[in-house]
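A look at the structure
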Amino acid sequence: MKQSTTWVGKEVVRRDALEKARGLTKYASDMFLDNMLWVAACRSKYPHAVIKRIDVSRALKSPGVVAVFTHRDVPNNRYGVFVKDRPVLCDDRVRYIGDIVAIVAAESKEEAEQAVEEIVVEYEPLPVVSDPLEAMKPDAFPIHEGGNISRSTRITFGNVEEGFKASKAVVENEYRTAPQIHMFLETEAGFSYIDEKGVITVVAGGQSPYRDHHEIVSTLQLPPEKVRVVIPHVGGAFGGKDDVSVQIYLALVTWKTGRPARFVWDRDESTIAGTKRHASIVRMKTGASADGKLLANDVEIIYDTGAYTALGHAVLDVAIENCNGPYKIPNIDIKAWLVYTNNMVASAFRGFGAPQVMFAMEQQVDQLAYELGMDPIEFRLRNALKRGDVMVFGNKLETSVGISQCLEAAQNHPLWRQKETLKSEKSLPWIRRGVGVAAAIKGFTLGALPDRGSVAVELRRDGGLTVKGSFTEIGQGVVQAVAQLAADLFKIDIEKVEVVFADTGKTPDTSVTSASRQLFLAGNALKKAAENLLNLIREVLTTRYGQKVIEARFENGYVVGPGFSHSFEEVAQMLEEHGLSREVVGVYDVPRVEPIPGSLEIPHLFYMFGATLALVEVNILTGTVTVPKLVSIADVGKVVNPQTLTGQLEGAAAQGLGFALLEEPIIDKGILKTTNLSTYLIPSIKDVNEIEVIPVESFEDEGPFGAKGIGEIGIISVAPAIANAIYHAVRVRPKSAPMTPEKIYWLVKQAGLTVK
Amino acid sequence: MQYSRVEKEFFFRLNGEEVRVRAPPGYTLLEVLRHILHLTGTKDGCSSGDCGACTVLLDGRAVHSCLTLISQVEGREVTTVEAVDEKVADAYARHGAVQCGYCTPGFVVATAYLLSKMHNPSDAEIREWLRGNLCRCTGYVKILKAVESLAGDDG
Ligand code: FES
Ligand code: FES
């Protein structure tokens, strides 16, 4: 049901913005405690080697050194969310160059770094497996016991052979994408100390305080109540802080030495040791009938997880779920592998496995449209999912589906309507223009996995509210959004709403900040909390008035009902007088669906949709592609704060642009050569031109005030839209991202294009 | 070679006040600001001159403090984001140009410098002057709007 709102839907300046802009906000990397130790890591010298011996005796004598830790100091030296395949400190083997063999804690940064040089590690190098296709071969050198396939699965519906037989056009291609590096501006950083109650407190950039807490207590075998994890404002994450980084090491140092510690990765450590977007190889054979109906999709997905699984099992599921696009296809056959190599570890990155497969599928669809002589948007619209449809996996879509609206918005956009004019317009003789489109789909929440979020709401004595949840503020604006939702749910002025976030000592578990789920989960849990508070108040009033109070509602900072009206201050006082807590908890469980055979979390109940239009200019002499304009269209349900929404979509578009054109890590036999921002280029203000954002508000009944998720959808269709625009401009299909000048130059040359 | 911590005393003006600080001579201005003085508005995004998060004004000119040795600062005037005219930060906040905010102080200082040199910069000039500052969150759209809102403003 649609409700009227005061704060939800309103453009409000974020409460954290000014402090951040003035440099006053304290991030984890900004804290320097008295008596603090500096931590430095001794990382592997080889992408793959057996450890013969570790000798830390010289390092221990190095000036300023307080302690050196190795695997012997870690009681349970394996961790991981899906597979416990990752050592905290390497014991028998190193499997990539980011692996840590020992850590040093010293009085100063320089002394810690100096001592790392004094650690002697004897290695016996092993064969380096850097190519996932090689790694998959049965005779490949195994990186883990049990071989190099971390997970493989096959999911089929219908019969693809029949589908291809009935198809008029069938296209078959192989696509590749490079591992994208998050390059958040604040690297992995944290500090730790023992608080006055003797609790080891780790304050570090992250996305899930309770998960980080779990990884610490399970590896160090500490009593859970002896560890607290706090995540302050984080200087960017995008999925790259979904896994633990510095947390376990900090807890270890503080636990063993009793002293505060600081561990902040340098930029090159961050690029080498932090997680990445999975490099991908995707093969697709896709067929459509003469009247433009998709009939079959035969897909092979190979994702390179690097040395460890991290969140890869879930990422692979998202790839499988999204590789058919937002379309109805009766026959699918999807084979997928998550493969170990000695490359950098891959895990979550905005889009979580979807951008790679959509780079493939949206070019397949485009090519089919061209082959059938149909308009690419018309073709997509003919196949677009609608509410009530049965999706490829046999699940019925009963929640909001805005893909048709997104595609129609693209179709009506001047950029699309004028694309042939734009293409033929006169410009420099070596420039070719083109316009491309691509669609996107992404499930949000954790799909068929259990997904629960809790928040607590404290009614303060001053009549204000404090909302507490373990959501993390990674830049996306969740704190602001939660304040707006709370203000409307409790009908109170937003200035009176305080938000406390991401602290296992103070906030209940709202679970992970990923999968674009936080706004949705926290919002729904808040709704429950509001109901619970009203129930509590009704009970108190019933006792007070000696007759049953059935009706009560929030209104303008008051609780009102027939014949009564109490301010929040009064209510707070009443609760205290009755010996009741002023805090209520709201818990929301995402309705469960059964996973389909062969999957972990497919399907989702809820999906976001989107589409991107791109205008490109291809320089056929140099192969350089520029993007004068991107239009990002997204179905995100009800918009909570337009400024935050457009900011998320613009930022996602720019990251998508980097993924599409610029961001190319050079990896030589497992060794990353591009370890800084001058060799691994992310978009600068000169690379990003006009970005127009069009929200399509398809109301989601289950969402708080109709809202869905917003974090990820904007990145997914950017690279394929640019690829399709390049095709429109120069009639070649770039099947490998990033689409660097070198690649485009050769494609254009092969196609024999010349300056007019 | 054994590292030994040799320190020297340095003197400079920081945000209008005189400071004397003992630091290893190899330290950068960024290290002195953050690690010794704990003045952390100036951020460290790369320590190698590539991201602009560490931008400060040195005698009124924008520099990367991660590439500026503390010895080069001797006797000079340093202005960090904490002392830059608040209206610049305010424009960033109001236009939604702040997400994670880790890049923002650097942008704010670079913008203050740009406006001190150019009253009414064009879109192309803003892009040229801010090209050394990287932001991974915003896509720059709102950053441009924020800077444009300050252009030609005499207040
Ligand atoms: S920290 Fe100085 S430019 Fe990045
Ligand atoms: S706001 Fe996060 S890097 Fe710019």
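Thresholds applied
Residue positions are counted from 1 within each chain, in the order its sequence is given. Labels follow written order: the first chain is A, the first ligand is 1, and so on. Only residues with pLDDT of at least 70 get local features here, since the model is predicted, and only at 80 or more are side-chain atom pairs given and counted; chain-wide, interface and lining totals rely on the full set of residues. Computation of side-chain values: all heavy atoms of the structure, hydrogens and water removed. Any two residues having at least one pair of non-hydrogen atoms within 4.5 Å are treated as being in contact. By buried area we mean the combined loss of accessible area, with a 1.4 Å probe, across both parts when two parts are placed together. We count a salt bridge whenever a side-chain nitrogen from Lys or Arg sits within 4 Å of a carboxyl oxygen from Asp or Glu. Each helix corresponds to a stretch of at least 4 residues labelled H or I by DSSP, and each strand to a stretch of at least 2 residues labelled E; elements are numbered beginning at the N terminus. When residue character is reported, Ala, Val, Leu, Ile, Met, Phe, Trp, Tyr, Cys and Pro are called nonpolar, Asp, Glu, Lys and Arg charged, and the others, Gly included, polar. For the domains described, the bounds stem from an automatic or database domain assignment. N or O atoms closer than or at 3.5 Å make up a polar contact, with two conditions inside protein: a donor-capable atom paired with an acceptor-capable one, and, for residues adjacent in sequence, both atoms drawn from side chains.

The name an unreviewed UniProt entry assigns to chain B is (2Fe-2S)-binding protein, from the organism Caldiarchaeum subterraneum.

Chain A goes by Xanthine dehydrogenase family protein molybdopterin-binding subunit in an unreviewed UniProt entry, where it is assigned to Caldiarchaeum subterraneum.

The subject of this paragraph is the interface of chain A and chain B. Facing the 58 residues of chain A at the interface are 51 residues of chain B. Together, A:Glu110, A:Leu185 and A:Ile685 form the three largest contributors to the area buried by chain A at its contact with chain B, with a combined 18%. There are 6 salt bridges connecting chain A and chain B. In this structure, the salt-bridge partner of B:Lys142 is A:Glu650, at a minimum N-O distance of 3.1 Å. Of all the secondary structure elements, the ones that give two or more residues to the side of chain A that touches chain B are helix H1 (17-21), helix H3 (109-117) and helix H18 (642-662) of chain A. The greatest single-element share of the side of chain A that touches chain B, amounting to 8 residues, is contributed by H18(A). Grouping the constituent residues of the side of chain A that touches chain B by class yields 23 nonpolar, 21 polar and 14 charged.

Below, the discussion takes up the domain arrangement of chain A. Residue and element names in this part refer to chain A. Here the domain parsing of chain A yields domain 1 (17-25 + 452-589), domain 2 (31-126 + 188-264) and domain 3 (279-447 + 596-751). Between domain 2 and domain 3, the C-alpha centre-to-centre distance is 37 Å. Each partner contributes residues to the interface: domain 2 has 18 residues there, and domain 3 has 23 residues. Together, Phe82, Tyr96 and Phe238 form the three largest contributors to the area buried by domain 2 at its contact with domain 3, with a combined 35%. Linking domain 2 to domain 3 there are 0 salt bridges.

Residues and elements named next belong to chain B. Along its sequence, chain B is organised into domain 1 (8-80) and domain 2 (84-150). For domain 1 and domain 2, the distance between their C-alpha centroids amounts to 21 Å. Three residues stand out in domain 1 for area buried against domain 2, namely Lys43, Cys51 and Thr55, and they jointly supply 33% of the buried area on that side. Counting the contacts that link domain 1 with domain 2 gives 0 salt bridges. Counting every contact that joins domain 1 to domain 2 gives 4 residue pairs in polar contact (both at pLDDT 80 or more). Listed by contribution, the elements that provide at least two residues to the side of domain 1 that touches domain 2 are strand S3 (55-58) and strand S4 (61-64). Looking at the side of domain 1 that touches domain 2 residue by residue, the classes come out as 5 nonpolar, 7 polar and 5 charged.

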